[in-house]
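Descriptive analysis of the structure
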Amino acid sequence: MDETPVFFAAGPSQGKKALFGGQQAAAGCAAWGPFFETSMLDAWLAEDIGLFDLTSTLLEIGTKPARIAWVARQAMTLACTEEVARMVALRGGCATDCLPSGRCVEAGTEIVAAQGAAQALLDCWKVGQNLLEYACGVATRTRAMADAAARVNPDVCILTTRKHPPGLRRVAQKAALAGGAFPHRLGLSETVLVFPQHRALLPGGWKDLRQILARRRRHLVEKKIVIEANSYEDAREAARCGADVVQFDKVEPERLAQWCPRLRAEWPHLGLLAAGGIRADNAATYAATGVDALVTSSLYFGPPADIGVRIERDPPCKTTTEGRSP
């Protein structure tokens, strides 16, 4: 399958077998920066561990040397493998391999592997599996949509929204990036995005919006103005207001295919987005309309990736590194 996208750098192992302990494993896998504070990873683990592991305590196996591997049971695009390696380090284990987020793998591939005391690995088992199944599911759907859209329009971009359950933003966004998408809007303070709901609060409607944006334009030297439109006339009004980008919401691709060339003829530098109802089965159709990007939240929802976990007895790790993951 395809190699890792160019904006992701694999760690020192470059996806090949390499032995490194604790902090080194996490650092090697996290070549594009820590998306999550250590305190967040600690909280994920604490939520699942509770006071102690009743089963392993009963079986008296916690101190036995062991090896764990999270394994792809299907072809997929990886995401959040780095966080699993870091969690292992936090519990005192040592990662022996970690394929980077963004890598496409075949079924049967070990994507993260680690050694250490059995309890350290058991503590990370389900938390790591659950994280990988959600994140890799999002990344795999994202890669499929990006590839489908690019086949008909190589210049189109997939942009993911913030329409996911609260608390999932970092996981969802890292997974989408790993699949080849970029964030549409990460928060209210990031982008000027005028919806019809905003215009409804202006007594003069489009006239008031045009005057306000003209007056405040000097404050937006580092920002673009995006205005949502539901019709061709709304799009023209948005352009007259000085919009840098028009975002079409729930407009059929047949109409967009007619409107995009006409708008570009009148406003050559106007950016055009399609949003609302963009899914895997229609992404290529929307990409062919001539818009610059597809805005979607559908990638966050769907079947999880199928991740298996193998745990076995193993000699003690010889490269254990003391301390916590950065």
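Among the 5 residues that make up strand 10 (residues 245-249), 4 are buried, leaving the element largely enclosed by the rest of the structure. Once the chain exits strand 9 (residues 225-229) it traverses helix 9 (residues 232-240) before rejoining the sheet at strand 10, and the crossover so formed is right-handed. Inspection of the sheet shows strand 10 paired to strand 11 (residues 271-275) by 5 bridges, in the parallel sense. Its bridge partner lying in strand 11, Val246 is registered against Leu272.

This part takes up the sheet that holds strand 6 (residues 157-160). Read across the sheet, 7 strands follow the order 7-6-12-11-10-9-8 without closing on themselves; strand pairing throughout is parallel. The open sheet has two edge strands with one neighbour each: strand 7 (182-183) and strand 8 (192-194). Bridge count between strand 9 and strand 10: 4 bridges; the pairing is parallel. Counted as the bridge partner of Ile227 is Val246 from strand 10. Against the sheet, helix 10 (residues 253-266) contacts strand 10 and strand 11, and its axis sits at roughly 165 degrees relative to strand 11.

This part covers the sheet that holds strand 13 (residues 307-313). Whenever strands of a sheet pair, they do so through backbone hydrogen bonds, lying parallel or antiparallel. Reading across the sheet, the 4 strands line up as 3-5-1-13 and stay open at both edges, with antiparallel pairing between neighbours. Across the chains shown, the open sheet's two edge strands, defined by having one partner strand only, are strand 3 (94-98) and strand 13. The average undirected angle you get between the axes of adjacent strands in this sheet is 15 degrees. Where strand 1 (residues 65-72) meets strand 5 (residues 110-117), 7 bridges bridge the pair, whose relative direction is antiparallel.

To continue, consider the pattern of salt bridges. Two side chains with opposite charge may pair up if their charged atoms get near one another. Taken as a whole and assessed by the stated rule, the structure comprises 16 salt bridges. As a salt-bridge pair, Asp244 and Arg217 come within 2.9 Å of each other at their nearest N and O atoms. Of this pair, Asp244 sits in the loop between helix 9 and strand 10 while Arg217 sits in the loop between helix 8 (206-216) and strand 9, and the two are 27 residues apart along the sequence. Using a relative accessible area of 21% as the deciding quantity, one classes Asp244 as partly exposed. Judged by relative accessible area, which is 32%, Arg217 ranks as partly exposed. The salt bridge involving Arg279 is made with Asp281; its shortest N-O contact spans 3.0 Å. For Arg279, a relative accessible area of 40% corresponds to the partly exposed category. A relative accessible area of 59% means that Asp281 is categorised as exposed.

Here is what the cut-offs are and how they apply
Residues numbered from 1 in each chain as written. Predicted model: local features only at pLDDT ≥ 70, side-chain atom pairs only at ≥ 80, totals over all residues. Heavy atoms only, no water. Buried < 20%, exposed > 50% of the residue type's maximum accessible area, 1.4 Å probe, protein only. Helix = DSSP H or I, 4+ residues; strand = E, 2+ residues; numbered from the N terminus. Right-handed = clockwise from strand over helix to strand, strands pointing away. Pairing = 2+ DSSP bridges. Contact = heavy atoms within 4.5 Å. Axes fitted to C-alpha atoms, helices over the stretch in contact; angles between N-to-C directions. Salt bridge = Lys/Arg side-chain N within 4 Å of Asp/Glu carboxyl O.

No statement about biological role is implied by the geometric values presented.
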